Amino acid sequence: MRPLETRYALALLELTRNEEALTKGAALVQGDPELWRALNNPCVSREEKDRVLCRLLQGMVEGEVLSFFRLLCDRERLELLPAIVKEYHRLKLEEAGGAQGVSRCARQPHPEDLSRLEEGIKRRHGLSKVELQVVLDPELLGGFVLQIQGVTYDKSVQGMLRGLRRSLKERD
């Protein structure tokens, strides 16, 4: 069974392809920490939350997106919104032949190196677009560890040292 966020994102993807409206609405709703807490507070009535959402989003986002926000509010699932937005983006990217990945690096990579890495991954995986999230991890000592579409590429100094240690142990 798919996680709830994925099911909501899939349903929204069937309603609208307007990712900009979704992210704009999410930014408006989550932008004020007090408002966000109130919208997720079980002590605040659904009717009050619905009125606030309608006042805040009416005319700012398309009707389908507003209806989606109201549905989340009615079902007391608005706290899932950040995860739904991420999943919606991932699904839309995947549908367009793209993928998201995570690159753990010892230091911030140069933009040209990152671009070459993305191009290589696109060729190797047959993708039209690659979005990499860079996470700094000094324990790698150098190089990077890339995870994309369930595949891990370990080109780190730490990974090479582990491999060397393993091969030396096998010789004994």
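What you see is a predicted model; the values in this text were computed from it and never measured.

Is there a simple way to think about the overall build of the protein chain in this case?
Counting its secondary structure elements, the protein chain contains 8 helices and 4 strands. For the protein chain, whose C-alpha radius of gyration is 21 Å, the value lies well above the compact-globule estimate of 16 Å for 172 residues. In terms of principal-axis extent, the alpha carbons of the protein chain reach across some 70 × 35 × 35 Å. Here the protein chain, with 172 residues, has 33% of them falling under the buried criterion. Pairs at least 24 residues apart make up 65% of the contacts formed inside the protein chain by residues separated by at least 6 positions. For the protein chain, the exposed surface amounts to about 11,000 Å²; the carbon and sulfur share of it is 50%. Between the centroid of the 28 positive side chains of the protein chain and the centroid of its 27 negative side chains there is a distance of 5 Å.

Please clarify how a nonpolar patch on the surface should be interpreted in this entry.
On the surface, Leu141, Val157, Leu161, Leu164 and Leu168 cluster together to form a nonpolar patch covering roughly 440 Å² of accessible area. Position of Leu168 relative to the elements: it lies in helix H8 (residues 157–171). On the accessibility criterion, Leu168 (44% relative accessible area) is partly exposed.

Looking at this structure, I do not really get the pairing of strand E2 (residues 129–136). What am I missing?
Note on strand geometry: in a regular strand, side chains alternate between the two faces of the sheet. Pairing between strand E1 (residues 98–105) and E2: 8 bridges, direction parallel. Across the sheet, Arg104 pairs through a bridge with Val135, a residue of E2.

Just to check I follow, could you spell out the pairing of strand E3 (residues 143–148) for this structure?
Here E1 runs beside E3; their pairing, made up of 5 bridges, is antiparallel. The residue bridging Cys105 from the neighbouring strand is Phe144, located in E3. Across 6 bridges, the pairing between E3 and strand E4 (residues 151–156) is antiparallel. Counterpart to Gln147 in the pairing with E4 is Thr152. The hairpin formed by E3 and E4 contains 2 residues between the paired strands, and Gln149 there has a positive phi angle of roughly 50 degrees.

Criteria and thresholds
Residues numbered from 1 in each chain as written. Predicted model: local features only at pLDDT ≥ 70, side-chain atom pairs only at ≥ 80, totals over all residues. Heavy atoms only, no water. Helix = DSSP H or I, 4+ residues; strand = E, 2+ residues; numbered from the N terminus. Rg over C-alpha atoms; globule rule 2.2 N^0.38 Å. Buried < 20%, exposed > 50% of the residue type's maximum accessible area, 1.4 Å probe, protein only. Contact = heavy atoms within 4.5 Å. Areas by Shrake-Rupley, 256 points an atom, 1.4 Å probe, with all protein chains shown as cover. Lys, Arg positive; Asp, Glu negative; His and termini not counted. Charge placed at Lys NZ, Arg CZ, Asp CG, Glu CD. Patch = residues over 30% accessible without salt bridge, like charges linked within 9 Å, V, L, I, M, F, W, Y side chains within 5 Å. Salt bridge = Lys/Arg side-chain N within 4 Å of Asp/Glu carboxyl O. Pairing = 2+ DSSP bridges.

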